[in-house]
Amino acid sequence: MKRKNKIGNNAEMKSERGAATIFFMIILSVIFLFVTMFADFARIKAGQYQAELAIKSSLRSLYSHFDSTIQPYGLYGVNHQNPDALVKQIIEENLRVSDGDHSWLDTDVTAIQLNHGYNLAHVDVFEQQIMEDMKYTAPIEIISSIVNTFSKNNLKEEMEKSVKLADELEEIEELMNDRDKKANALWKETKDFIGNKGSVSHLYTVVDVDFEALDSLADEIGDEDETELRNKLKSLKDEKKELKKRMKEEQTAEEDENEEDDSAEQSNSSKLEEELKEIEEEIEEVNDILDKIDQFFEIYDEVSDKIELYRASFKESNEDISKYLEQTEDYNHKLKQKLQEADLDRTTYGPLIDSIHIYDDDFFSKYRSNMADILSKFNAFEQSFQSISVDKPADFNPHYSKLTTKNHAYYNKANSVFTYVSNNRKNIESKQDEMEKEKDNQLDEIEKQLTKLDTITGICPSSLQPLYDQLEGENGFYNMYKQYNESEDNESSMLIEDIQDSEKIGKQSMNFLDQITNALNDVAAGVYVNEYALTKFNYRTMQEPGTKSTQTATALSQPLQHTLPTQEAEYILYGFDTCKKNLSSAYAEMYLIRLAIHTAENLTEPDSRILSLGSPLLAFLAAVAEAALEAYNDMNKLIEGKDVSISKKFTKSLTFNYKDYLRLFMLIHHNQQNMMYRMQSLIQLNTGVNLQDRPVYTEAQVTMQTKLLFMPTTMKMINRNVEERYDLEPFQFVYSY
């Protein structure tokens, strides 16, 4: 019994020991699997790190081969004939194991693909490198000094006031012209109505003569009645006929009478002849009176018709006068209101504003009442004429004096009004004539100065044109870089010939001044790009190093040795295809700003003689004419490289030179992108380097392999890319300047 129990216990112990062994083996297998996987993973990661160091080292080596030709421009781009081969070579050298050595990593790079995504032709990359270079050599304080220059002594404020004044004067002048056009039309209608050769004068003269003729005829006719005279005439004609018949009978009876009665018969015949003569004289007298009666009534009817006709004409004239008077008054009111509401500095521009002629309200009310009075007196005359009854000429005589008086009344009133109006008008026309003469004189003076601008453009030899063809030709560098960046032109500039209109130059200068004041509010826009253009490239007044000037060439790019002499910055700014156009654009804008500032100065102290003429436009032209000469003298100094006081009135101590104005104009135009295309073009022209061939960004697509020492199948099970015991891992590396 005891033996059986002992055997049973031994079997149970053996069973427990076998289970422990199996369990231990399972645990050991898991640990082994984990350790081998960890070992391979560790090798993979170590290999990746080693490969990464090798790749980065190769890329650094590649980027150390920058182009020294363009480096003086602050630009860095890879310059190597075979960058892919260089990178592969350096990677292989870094991963290679020396003979006799052993590496537990067994790592290699099986595939390398380099993609040079960006180069210096990309305008964004180009700008970034400019920013990196210029933030050390052109701190923002330099650019901010422009704003400070204009802000000191309220120069910017004075410029803004001048721009506002020019705009206000333009509107005021337009209102004045509209008002004066209506006033001229009013004067013409008034002159046609009540002038010396007007309709009132004509009617008065005709009627006065006709009334005198009627009165004279009435006196001659007397109290004769036309009907009675015609009856009398008929009776006289009958008597004459009867008398002639008797005379004929007397003559036929001659043969039947005795010779003794011869003397008696002769006496009877003589009496008949005398009687006939008396009748004929009386007939002639009656006919004469009847003719005068006919003439009287013919004149009377004509007078009546004329009065009726002129009444309609007077009404029409009065309506036209009322219309133009109302329009003149309306524009005068708008002008008066404009002057009251104009946002102008009355302290500075008070005399100029006060010189503008404004009609008093009494002028219009008096004008209306005078015209109404003339018509009232004419209506009284017409009614008096129409109220009389003239059946016979003698009926006119009692009314002659009254009608003549009333005819004189409306005429005298019209004549009095016209004398008053014409005297005022003479003063206005005299001023207008003087204004026109003075305007022509001022325009001639401006024209004289503008024609001189062509003489300061400078020398542009024809030998430069092939260079511009390379830059701006159809297949030129500028178009190449612009098309590479897929952009379009959106800029415009003016030339000297664009500012040759003497009537528009003043307003052009003020508009340009307005652009400047607006640009000063956004001074940070593109300042580094602008300074890059003025530092790395040459311009008209750039001088050799060592001279006492702020316009010397100090950049490593040696601007004065460039292919395109002393005009690169002007080309960068304006982008025209000839030397003369680019220089003339710079001169035109410099002239405009100098003209605008001097005009602003002159407007603060206008000529009193000009002011007396009452034309804001003329006062503005006079200020421009004086400024034109001053601006021309400034231009000569600027292109000689001298500094010129910004304003003789506002900031005498502050000066600008040619370079300062180019810097200012670059702020105004806001065309940095196109400017950078032209910089790229000039760099290629000067160095022969196509910036498309100078990469600044490289993306390396790399596949690394590590030989697995243990269980590749297990690696596959956890989604590792394994091929023939090698673990493959793709990586991407990026490197740039």
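Residues numbered from 1 in each chain as written. Predicted model: local features only at pLDDT ≥ 70, side-chain atom pairs only at ≥ 80, totals over all residues. Heavy atoms only, no water.

(A) The overall build of the protein chain, seen in detail. Helix and strand counts for the protein chain come out as 22 helices and 6 strands. Relative to its 737 residues, the protein chain shows a buried fraction of 45%. Partitioning the intrachain contacts of the protein chain with sequence separation of at least 6 by distance along the chain shows that 83% fall at a separation of at least 24. Accessible surface, the protein chain as shown: approximately 38800 Å² in total, 47% of it carbon and sulfur. (Helix = DSSP H or I, 4+ residues; strand = E, 2+ residues; numbered from the N terminus. Buried < 20%, exposed > 50% of the residue type's maximum accessible area, 1.4 Å probe, protein only. Contact = heavy atoms within 4.5 Å. Areas by Shrake-Rupley, 256 points an atom, 1.4 Å probe, with all protein chains shown as cover.)

(B) Structural detail: the pattern of salt bridges. Throughout the structure, instances matching the rule amount to 30 salt bridges. The partner of lysine 306 in a salt bridge is aspartate 210, with the nearest N and O atoms 3.5 Å apart. Remark: aspartate 210 occurs in helix α6 (residues 199-221) and lysine 306 occurs in helix α8 (residues 262-341); sequence separation between them is 96 residues. As a salt-bridge pair, lysine 648 and glutamate 630 come within 2.4 Å of each other at their nearest N and O atoms. Taken as a pair, lysine 648 in the loop between β2 (644-647) and β3 (651-656) and glutamate 630 in helix α19 (residues 616-639) lie far apart in primary sequence, 18 residues in all. Among the residues examined, glutamate 630 registers a relative accessible area of 17% and is labelled buried. Salt bridges sharing partners connect three or more residues here, namely Glu168, Glu171 and Lys338. (Salt bridge = Lys/Arg side-chain N within 4 Å of Asp/Glu carboxyl O.)

(C) Structural detail: empty space enclosed by the protein. Here the structure, examined in full by the defined rule, presents 2 cavities of 30 Å³ or more. The volume enclosed by the largest cavity comes to roughly 130 Å³. Lining the largest cavity we find Ala183, Leu186, Trp187, Thr328, Tyr359, Phe363, Tyr367, Tyr420, Val421, Asn424, Arg425 and Ile428. For the lining of the largest cavity, the elements supplying multiple residues, two or more each, are α5 (155-194), α10 (361-387) and α11 (397-452). No other element matches the 5 residues that α11 contributes to the lining of the largest cavity. For the lining of the largest cavity, the residue count by class is 9 nonpolar, 2 polar and 1 charged. Of the pockets and cavities examined, the second largest cavity occupies roughly 40 Å³. Of all elements in the fold, only α10 and α11 reach the threshold of two or more residues within the lining of the second largest cavity. For the lining of the second largest cavity, the element with the highest residue contribution is α10, accounting for 4 residues. (1 Å grid on protein atoms, 1.4 Å probe; cavity = no way out; pocket = protein on both sides within 12 Å on 5 of 7 lines; lining within 4 Å. Points joined across faces, edges and corners; volume = space filled by probe spheres on them. Nonpolar A, V, L, I, M, F, W, Y, C, P; charged D, E, K, R; others polar.)

(D) Region of the structure containing a nonpolar patch on the surface. A cluster of nonpolar side chains, namely Phe23, Ile27 and Ile31, defines an oily patch on the protein surface of about 300 Å² accessible area. If you trace the backbone, phenylalanine 23 turns up in helix α1 (residues 2-63). In this structure phenylalanine 23 comes out as exposed when scored by relative accessible area, which is 57%. (Patch = residues over 30% accessible without salt bridge, like charges linked within 9 Å, V, L, I, M, F, W, Y side chains within 5 Å.)

(E) Quick peek at unusual backbone geometry. Located in the positive-phi region is glutamine 558, a residue other than glycine, with phi close to 50°. Positive phi is not limited to glycine here, since threonine 566 has a value of about 45°. Assignment of secondary structure puts threonine 566 in the loop between α15 (527-536) and α16 (568-574).

(F) Region of interest: the side chain of serine 681. One can find serine 681 in helix α21 (residues 672-687). When its relative accessible area of 0% is taken as the criterion, serine 681 is described as buried. Discounting residues that sit within four places of it in the chain, serine 681 has contacts with Leu471, Phe477, Tyr478 and Tyr481.

(G) The arrangement of a negative patch on the surface in detail. Among the surface-exposed residues, Glu224, Glu228, Glu239, Glu273, Glu274, Glu275, Glu278, Glu281, Glu284 and Glu285 lie close enough to one another that they form a single negatively charged patch. If you list the elements that add at least two residues to the negative patch, you get α7 (226-252) and α8. Considering each element in turn, the negative patch owes the most residues, 7 residues, to α8. Relative to the elements of secondary structure, glutamate 278 occurs in helix α8. (Lys, Arg positive; Asp, Glu negative; His and termini not counted. Charge placed at Lys NZ, Arg CZ, Asp CG, Glu CD.)

(H) Inspection of the layout of surface pockets at higher detail. Volume-wise, the largest pocket comes out at about 650 Å³. Around the largest pocket, the lining is made up of 28 residues, and of these Arg179, Asp180, Ile428, Gln432 and Met435 lie nearest the centre. Broken down by secondary-structure element, the contributors of at least two residues to the lining of the largest pocket are α5, α11 and α19. A total of 9 residues in the lining of the largest pocket trace back to one element, the largest contributor, which is α11. Residue classes in the lining of the largest pocket are distributed as 11 nonpolar, 9 polar and 8 charged.

(I) Structural detail: the packing of helix α17 (residues 579-603) against helix α20 (residues 658-669). Where α17 contacts α20, the two axes come as close as 11 Å, and the packing angle between them is 90°. Between α17 and α20, the angle falls in the class roughly perpendicular. Residues Leu583, Ala586, Tyr587, Glu589, Met590, Ile593 and Arg594 of α17 lie in contact with α20, whose contacting residues are Tyr658, Tyr661, Leu662, Leu664, Phe665 and His669. (Axes fitted to C-alpha atoms, helices over the stretch in contact; angles between N-to-C directions. Parallel < 35°, antiparallel > 145°, perpendicular 65-115°, else oblique.)

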